[in-house]
Amino acid sequence: MKKLLLASAMMAASLTAGSAFAECGSIKMAEFNWASGELMANVDKIILEEGYGCEIELVVGGTSAIFTSMNEKGEPQIAGEQWVNALRDVLDPALEEGRIHAVNKGPITGLGEGWWIPPYTAEAHPDLKTALDIIEHPELFPDSEDPSKGAFVGCPAGWGCQAVNANLFKAFDMEAKGWKLIDPGSAAGLDGSIAKANERGENWFGYYWSPTAIIGKYNLQAVPFGVEFVGNEHWTNCIAKDDCTDPQKSAWIKSEVYTLVTDDFYKGNADINAYLAARVFPGEVMGAMLVYMADEQAAGEDAAIEFLTKYQDVWTKWVSPEAAEKIKSSL
Amino acid sequence: MSLKEMLPEYMTEFPEMGRADLRDLKKGIDQSFRTFTRENGEAIENFFYPLKMFMVWFEKLLLGTPWPLMIAVLCLLVWLGARSITMVIGTAIALLVIGYLGMWEDTMRTLALVSVSTFVCIAIGIPVGILMSKSDRIQAVIVPILDIMQTIPAFVYLIPVLMLLGIGKVPGLIAVCIYAIPPVVRLTNLGIRLVDKDVLEAADAFGASPRQKMMQVQLPLALPNLFAGVNQTIMMALAMVVVASLIGAHGLGSQVLKAVYNQYLTHGMMNGLAIVTIAIVFDRVSQKFGKRLQKHSEKIHG
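Worth saying up front: this structure is predicted, and the values here are computed from it rather than measured. (Residues numbered from 1 in each chain as written. Chains lettered and ligands numbered in written order. Predicted model: local features only at pLDDT ≥ 70, side-chain atom pairs only at ≥ 80, totals over all residues. Heavy atoms only, no water.)

Caption draft 1: Geometry of the sheet that holds strand E4 (residues 100-104) of chain A. All names here are of chain A. The 5 strands lie next to each other as E2-E1-E3-E10-E4, forming an open sheet whose pairing is mixed. Strands at the two margins of the open sheet, each flanked by one partner only, are strand E2 (55-61) and E4. With strand direction ignored, the average angle separating the axes of adjacent strands in the sheet is 35 degrees. Across 4 bridges, strand E3 (residues 78-83) lies against strand E10 (residues 257-262) in antiparallel orientation. When the bridges of E10 are listed, Gln82 appears paired with Tyr258. (Pairing = 2+ DSSP bridges. Helix = DSSP H or I, 4+ residues; strand = E, 2+ residues; numbered from the N terminus. Axes fitted to C-alpha atoms, helices over the stretch in contact; angles between N-to-C directions.)

Caption draft 2: Region of the structure containing the UniProt feature "domain: ABC-type glycine betaine transport system substrate-binding" (unreviewed entry) in chain A. The feature "domain: ABC-type glycine betaine transport system substrate-binding" (unreviewed entry), as annotated in UniProt, sits at residues 26-310 of chain A in this numbering. With 45% helix and 18% strand, residues 26-310 of chain A has its two end C-alpha atoms placed 28 Å apart. (UniProt positions renumbered as here; feature names shortened; annotations may be inferred.)

Caption draft 3: Just the pattern of salt bridges, in detail. Per the stated rule, a full pass over the model turns up 27 salt bridges over all chains. Between Asp143(A) and Lys180(A) there is a salt bridge, with the nearest N and O atoms lying 2.7 Å from each other. Highlighted residues: Asp143(A) in the loop between helix H6 (131-134) and strand E6 (150-153) and Lys180(A) in strand E7 (residues 179-182), separated in sequence by 37 residues. In this structure, Lys149(A) engages Asp146(A) in a salt bridge whose closest nitrogen and oxygen atoms are separated by 3.9 Å. Among the ionic contacts, a cluster of salt bridges with common partners joins Glu145(A), Glu59(B), Asp106(B), Arg109(B) and Lys169(B). (Salt bridge = Lys/Arg side-chain N within 4 Å of Asp/Glu carboxyl O.)

Caption draft 4: The pairing of E4(A), seen in detail. All names here are of chain A. Of all 5 residues in E4, 4 are buried; the element is thus mostly enclosed. Pairing of E4 with E10 involves 4 bridges; the strand directions are antiparallel. When the sheet's bridge partners are listed, Asn104 is paired in E10 with Thr259. (Buried < 20%, exposed > 50% of the residue type's maximum accessible area, 1.4 Å probe, protein only.)

Caption draft 5: Focus on the confidence of the model for chain A. In the predicted model, chain A carries a mean pLDDT of 87, and 93% of its residues have values of at least 70. Counted against residues more than four places away or in other chains, residues 9-22 of chain A, with its pLDDT under 50, gives 8 contacts. (pLDDT = per-residue confidence, 0-100. Contact = heavy atoms within 4.5 Å.)

Caption draft 6: Looking closely at the confidence of the model for chain B. Residue and element names in this part refer to chain B. In this model, chain B carries a mean pLDDT of 88, and residues with pLDDT of at least 70 account for 97%. The secondary-structure element of chain B with the lowest mean pLDDT is helix H1 (residues 3-6), recorded at 77, while helix H6 (residues 85-100) shows the highest, at 94. Interface confidence in the predicted complex, given as ipTM, is 0.71; pTM for the same model is 0.76.

Caption draft 7: Quick look at the state of the cysteines. Under the criterion given, the structure shown has 2 disulfides over all chains. Linked covalently through their sulfurs, Cys155(A) and Cys161(A) form a disulfide whose S-S length is 1.8 Å. With relative accessibility at 4%, the residue Cys155(A) sits in the buried group. By relative accessible area, which is 8% here, Cys161(A) ends up buried. The disulfide partner of Cys238(A) is Cys244(A), and the S-S distance across this bridge is 1.7 Å. Given an S-S torsion of about 60 degrees, the disulfide between Cys238(A) and Cys244(A) has right-handed geometry. Just as Cys238(A) is buried, Cys244(A) falls in that class too. Between Cys121(B), a cysteine without a disulfide, and Cys177(B), which holds the nearest cysteine sulfur, the sulfur-to-sulfur distance is 3.7 Å. A relative accessible area of 1% means that Cys121(B) is categorised as buried. (Disulfide = S-S within 2.5 Å.)

Caption draft 8: Main features of the UniProt feature "transmembrane region" (unreviewed entry) in chain B. Residues and elements named next belong to chain B. With numbering matched to this structure, UniProt assigns "transmembrane region" (unreviewed entry) to residues 61-79, 85-104, 111-132, 152-181, 221-244 and 264-282. Secondary structure within residues 221-244 divides into 96% helix and 0% strand; the distance between the first and last C-alpha atoms comes to 35 Å. End C-alpha to end C-alpha, residues 264-282 measures 27 Å, and it is 95% helix and 0% strand.

Caption draft 9: Broad picture of helix H8 (residues 136-151) of chain B. Residues and elements named next belong to chain B. End to end, H8 covers 23 Å across 16 residues, agreeing with the expected 22 Å (1.5 Å per residue, within 8%). Listed in full, the buried residues belonging to H8 are Ile142, Leu146 and Met149. Turning to H8, the residues buried within the fold contact helix H7 (104-134) and helix H10 (169-193). Sitting at the amino-terminal end of H8 is Ser135, which places a side-chain oxygen 3.2 Å from the backbone nitrogen of Arg137. (Expected span 1.5 Å × (residues − 1). Polar contact = N/O pair within 3.5 Å; in protein donor to acceptor, adjacent residues only side chain to side chain.)

Caption draft 10: Region of the structure containing the interface of chain B and chain A. Contact residues are listed per partner, giving 32 residues for chain B and 25 residues for chain A. Here chain B and chain A share an interface that buries about 2300 Å² over both sides, 47% of which is from carbon and sulfur atoms. There are 7 salt bridges connecting chain B and chain A. Two residues, Glu199(A) and Arg38(B), come together in a salt bridge whose shortest N-O distance is 2.5 Å. Remark: the boundary between chain B and chain A carries 11 residue pairs in polar contact (both at pLDDT 80 or more). Where the side of chain B that touches chain A is concerned, the elements lending two or more residues are helix H3 (19-47), helix H4 (49-64), helix H9 (154-165) and helix H14 (252-262) of chain B. Its residues assigned to classes, the side of chain B that touches chain A shows 12 nonpolar, 9 polar and 11 charged. (Buried area = accessible area lost by both parts, 1.4 Å probe. Nonpolar A, V, L, I, M, F, W, Y, C, P; charged D, E, K, R; others polar.)

Caption draft 11: Region of interest: unusual backbone geometry. Residues and elements named next belong to chain A. The omega angle of the peptide bond from Glu75 to Pro76 is -10 degrees, so this bond is cis rather than trans. Looking at where Pro76 falls in the secondary structure, it is placed in the loop between helix H3 (63-73) and E3. Following Ser210, the chain continues to Pro211 via a peptide bond in cis, the omega torsion being 5 degrees. In this model, Asn219 sits at a positive phi of 50 degrees, which is unusual for a non-glycine residue. Checked against the element boundaries, Asn219 lands in the loop between helix H9 (213-218) and strand E9 (221-222). The class of Asn219 is partly exposed, set by a relative accessible area of 45%.

Caption draft 12: Quick peek at the domain arrangement of chain A. All names here are of chain A. Once the domains are mapped, chain A shows domain 1 (26-110 + 256-330) and domain 2 (112-238). Contacts between the two partners involve 10 residues from domain 1 and, on the opposite side, 7 residues from domain 2. When the area that domain 1 buries against domain 2 is broken down by residue, the three leading residues are Trp83, Leu290 and Val291, summing to 55%. For the pair domain 1 and domain 2, the number of links is 0 salt bridges. The tally of links between domain 1 and domain 2 comes to 1 residue pair in polar contact (both at pLDDT 80 or more). When residues in the side of domain 1 that touches domain 2 are grouped by element, the largest group, 6 residues, is from helix H13 (residues 283-296). Each residue belonging to the side of domain 1 that touches domain 2 can be placed in one class, and the counts come to 6 nonpolar, 3 polar and 1 charged. (Domains from an automatic or database assignment.)

Here you go:
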């Protein structure tokens, strides 16, 4: 028995001696099941493994599944791209009670939902600066089935954003101004309508979100709404609901993405927390990477290596010079 | 030592195309399709313009007709097809329930989509079937194409249809037709080929021209099979309305989708059952109509 203990103690000692950062050890990290989530998780994995000597296990999941597991079980320890708008009710108490910590409140810049137009439309009509300007010109966006109306492509039936688009359509009085709210049917339908319009240089006006490959690929421009955000209360209780009777004009609610870590992890890993806090992907770089992933049909790991090779000026600022050297030599 | 270790490497590792080559191949094909879309998309869209306007007009007509008149017209059609008072009453009740449960407009949209696509399938399918029945060589070419159309997953051909035509009624219609047209082609072909050789000889003996033979002998005798084909086509068109709604065709299908996205059990069931109701009416009427024609032709026959 003593021998066994001794042996395991020695093994543990040799293991810790082997890695440069003894305190890191093995960590479970969330890999969100969409392209940017995949990329971020794999970039973190390579940086933490090569630069900080951690051992990372990726856990694949969606927004609420990952959060529930973190909150209840303390695993995974890190969630890189947690979209928090839908989680407010559960996230706020968890943050307050210190079970979860938000180490980075904006790991990607320029993200969010809203209304978009293609760049050539923006260029050809510089006077269309906001949604308020655009809705005065339905004739620029003719609907193919009824060319006398302007087509505003909303969200597929059944998605959360469908109610929001329908209510904003009503609030901006778009029907009376000669618009038609088009239901694209599905994500594929929405993507297809953007792809078709952009391949042919036709004007397009509708809903989408960033960061996504399609926004990056066609360089779609987010349209400022030209009005203020109406406030959380009206948004949650009316605009986001199907049965909202009197929706007010509003800008889209700000989408927030946090990098979350569990309390146990937060306490013992100052250097990794510092890395996670510094790690901010510029929106254009993320967009370009998502286009790369879509074009090359690249999985998360390949994309992460591509990112680390191509955008060294971006990520080397996130880590210490020594770590940067180690990561570079591992590529 | 396992079998794998004893064999030379080229036997155990499939000699697959290099990753980079494969990617370039896919990208190349995608790029050429994109170029094709840019150059011809508008022309193709213009080609379908009359069909689109017809669909828009027909849907507006169905939606604009007062509901009692619409029910009366549908019941009349059922009577003309099936000559059965039970069928007529059943149809009327089903339609009233659909309307009462708030699905009238979506049902009319689905009805418009299914009617127009059935019409298109028949207009294209029967001539193709006739052509196939006349030549074994044409048949040998068309049969595998029909097989592909029936088995290829709908999502695969939705991609090019979306890129060419975008979202809306016509792409939905095309998606439906690709899936629903094979039965009417196959069964037209089969029906004509099954016509008794003696009858054809007799027609020849009376000096019938090939055109007369086709129109007055072969097609009438093939009618039962032909109707079975039409019936199958309608059923398959109805089965496709949910998939068509993925690319923006409206109606009961998009309500079913909405229910699936949100786990609205009752909403999904109700709209699904409305599709079933339309299917039953179409099925019974076209079958009865087919049978009546069969009786008729058998009398002449015997």
